[in-house]
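So you can see what is in the structure, the chains are spelled out below.
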Amino acid sequence: GDQVEQSPSALSLHEGTGSALRCNFTTTMRAVQWFQQNSRGSLINLFYLASGTKENGRLKSTFNSKESYSTLHIRDAQLEDSGTYFCAAEASSSFSKLVFGQGTSLSVVP
Amino acid sequence: AQTIHQWPVAEIKAVGSPLSLGCTIKGKSSPNLYWYWQATGGTLQQLFYSITVGQVESVVQLNLSASRPKDDQFILSTEKLLLSHSGFYLCAWSPYRQGGNTEVFFGKGTRLTVV
């Protein structure tokens, strides 16, 4: 079936530093979304990409459908960035089904 | 602006008891609607989706059923809960678009504990 492989599974960053999360896809994906899940469980929409790169403040995301991957870059990490980050993608062959990665648990420490 | 409301916020239910979770979307006509389930510490798994009133497609069988009685309402239910039904249930919506999906937005979820 359609698979989304997300890495790393956990990440610890000091405030002010940055890193990248990555999702690899085993099939052609139509679009990708990135979410942050906070401690209450709410999913916050970060990005929706059908291709290319988008940037929003300290976050930047890229989706390369030909090479089947997407990345989420976080720079100048802040304490409030802590949470679990998920990528989710819709396969070109699967209408209306969003497949989630396993998530990255991010902890930002002082 | 569109709003999505889920109820209840949390439930503690006994094994074998019935369950009904609800979701209402306001400010958007004819949305695609979805139910997702998340085990504690796990990822999200799509359960059902609906593109129109009265039409629901099952993605994963978990002894649950879903219905869409109104354009803006999506219901998840079962007659007999199992321990494995515990978890976090999220309703979601996306604008309808012929031939493909668009950005999906989630409600705040219902936390279900089956004891």
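See the structure shown above.
Residues numbered from 1 in each chain as written. Chains lettered and ligands numbered in written order. Predicted model: local features only at pLDDT ≥ 70, side-chain atom pairs only at ≥ 80, totals over all residues. Heavy atoms only, no water.

Colleague: How should I be thinking about the nonpolar core in this particular structure?
Modeller: If you look at the biggest cluster of nonpolar residues, it comprises 24 residues, and the most contacted ones within it are Phe-25, Val-32, Trp-34 and Leu-72 of chain A. Those elements that place two or more of their residues in this core are strand E2 (10–14), strand E3 (19–25), strand E4 (29–37), strand E5 (43–49), strand E7 (59–64), strand E8 (69–74), strand E9 (83–91) and strand E11 (104–109) of chain A. The next biggest cluster of nonpolar side chains, apart from the first, holds 19 residues, and it includes Leu-19, Leu-76, Leu-81 and Trp-93 of chain B. (Core = buried A, V, L, I, M, F, W, Y, C linked by side-chain atoms within 4.5 Å. Buried < 20%, exposed > 50% of the residue type's maximum accessible area, 1.4 Å probe, protein only. Helix = DSSP H or I, 4+ residues; strand = E, 2+ residues; numbered from the N terminus.)

Colleague: What is the right way to look at the interface of chain A and chain B in this model?
Modeller: Where interface size is quoted, it is often the accessible area lost as the parts come together. Every contact between the two is made by 19 residues of chain A and, on the other side, 24 residues of chain B. Across the chain A/chain B interface, buried area totals approximately 1,800 Å², and carbon plus sulfur atoms make up 53% of it. Taken together, the connections running from chain A to chain B amount to six residue pairs in polar contact (both at pLDDT 80 or more). Where the side of chain A that touches chain B is concerned, the elements lending two or more residues are E4, E5, E9 and strand E10 (98–100) of chain A. (Contact = heavy atoms within 4.5 Å. Buried area = accessible area lost by both parts, 1.4 Å probe. Polar contact = N/O pair within 3.5 Å; in protein donor to acceptor, adjacent residues only side chain to side chain.)

Colleague: Looking at this structure, how should I read the state of the cysteines?
Modeller: As used in these notes, a disulfide is a covalent bond between sulfur atoms, one from each of two cysteines. Considering all chains together, one arrives at two disulfides over all chains under this definition. Each sulfur in the disulfide pair Cys-23 of chain A and Cys-87 of chain A lies 1.9 Å from the other. Taking the torsion about the sulfur-sulfur bond, which here is approximately -100°, the covalent link between Cys-23 of chain A and Cys-87 of chain A counts as left-handed. Taken together, the residues span a long stretch of sequence, with Cys-23 of chain A in strand E3 and Cys-87 of chain A in strand E9 at a distance of 64 residues. Comparing Cys-23 of chain A with Cys-87 of chain A shows no difference in burial state: the two are buried. Between the sulfur atoms of Cys-23 of chain B and its disulfide mate Cys-91 of chain B the distance is 1.9 Å. One disulfide, between Cys-23 of chain B and Cys-91 of chain B, carries an S-S torsion of -75° and so falls in the left-handed class. Taken as a pair, Cys-23 of chain B in strand E3 (residues 19–26) and Cys-91 of chain B in strand E9 (residues 87–94) lie far apart in primary sequence, 68 residues in all. (Disulfide = S-S within 2.5 Å.)

Colleague: What is the right way to read the side chain of Gln-33 of chain A from this model?
Modeller: In this structure, Gln-33 of chain A sits in strand E4. Under the relative-accessibility criterion, Gln-33 of chain A is labelled buried at 1%. Only 2.8 Å separates the side chain of Gln-33 of chain A from the backbone nitrogen of Val-104 of chain B, close enough to count as a polar contact. With near-sequence residues (within four places) excluded, Gln-33 of chain A lies in contact with Asn-45, Phe-47, Tyr-48, Phe-86, Cys-87, Ala-88 and Leu-98 of chain A together with Thr-102, Glu-103 and Val-104 of chain B.

Colleague: Just checking my understanding: could you explain the environment of Asp-81 of chain A for this structure?
Modeller: Residues and elements named next belong to chain A. Relative to the assigned elements, Asp-81 resides in the loop between E8 and E9. Each C-alpha atom, one on Asp-81 and one on Gln-36, is 8.5 Å from the other, the two residues being 45 residues apart in sequence. Leave out the neighbours within four places in its chain, and Asp-81 touches Gln-36, Arg-58, Ile-74, Asp-76, Leu-106 and Val-108.

Colleague: I'm lost on the packing of aromatic side chains in this one. Help?
Modeller: By convention here, two paired aromatic rings are described through the distance between centres and the angle between planes. Residue and element names in this part refer to chain B. In the structure shown here, the tally under the stated rule is ten aromatic pairs over all chains. Ring centres of Trp-93 and Phe-105 lie 5.1 Å apart, and the angle between their planes is 25°; this geometry places the pair in the stacked category. Within this pair, whereas Trp-93 is found in strand E9, its partner Phe-105 is found in strand E10 (residues 105–106), the two being separated by twelve residues in sequence. What makes Trp-93 buried here is its relative accessible area of 5%. (Phe/Tyr/Trp six-rings, centres within 6.5 Å; stacked < 30°, edge-to-face > 60°.)

Colleague: Sorry if this is basic, but what is going on with the pairing of strand E6 (residues 55–58) of chain B here?
Modeller: Side-chain direction in a regular strand flips from residue to residue, so the side chains alternate between the two faces of the sheet. Residue and element names in this part refer to chain B. Bridge count between strand E5 (residues 44–52) and E6: three bridges; the pairing is antiparallel. Looking at the pairing, Tyr-49 lines up with Glu-57 of E6. With antiparallel pairing between neighbouring strands as the criterion, E5 and E6 make up a hairpin whose turn holds two residues, including Gly-54 at a positive phi of roughly 80°. (Pairing = 2+ DSSP bridges.)

Colleague: What is the right way to look at the sheet that holds strand E7 (residues 65–70) of chain B in this model?
Modeller: The pairing of strands in a sheet happens through backbone hydrogen bonds and is either parallel or antiparallel. Residue and element names in this part refer to chain B. Strand order in the open sheet formed by four strands is E1-E3-E8-E7, with antiparallel pairing between adjacent strands. The open sheet is flanked by strand E1 (3–7) and E7, the only strands paired with a single partner. Across the sheet, the axes of successive neighbouring strands diverge by a mean angle of 20°, strand direction being ignored. Sheet topology note: the E7/strand E8 (residues 73–78) ladder contains four bridges and is antiparallel. Paired with Lys-70 across the bridge in E8 is Gln-73. (Axes fitted to C-alpha atoms, helices over the stretch in contact; angles between N-to-C directions.)

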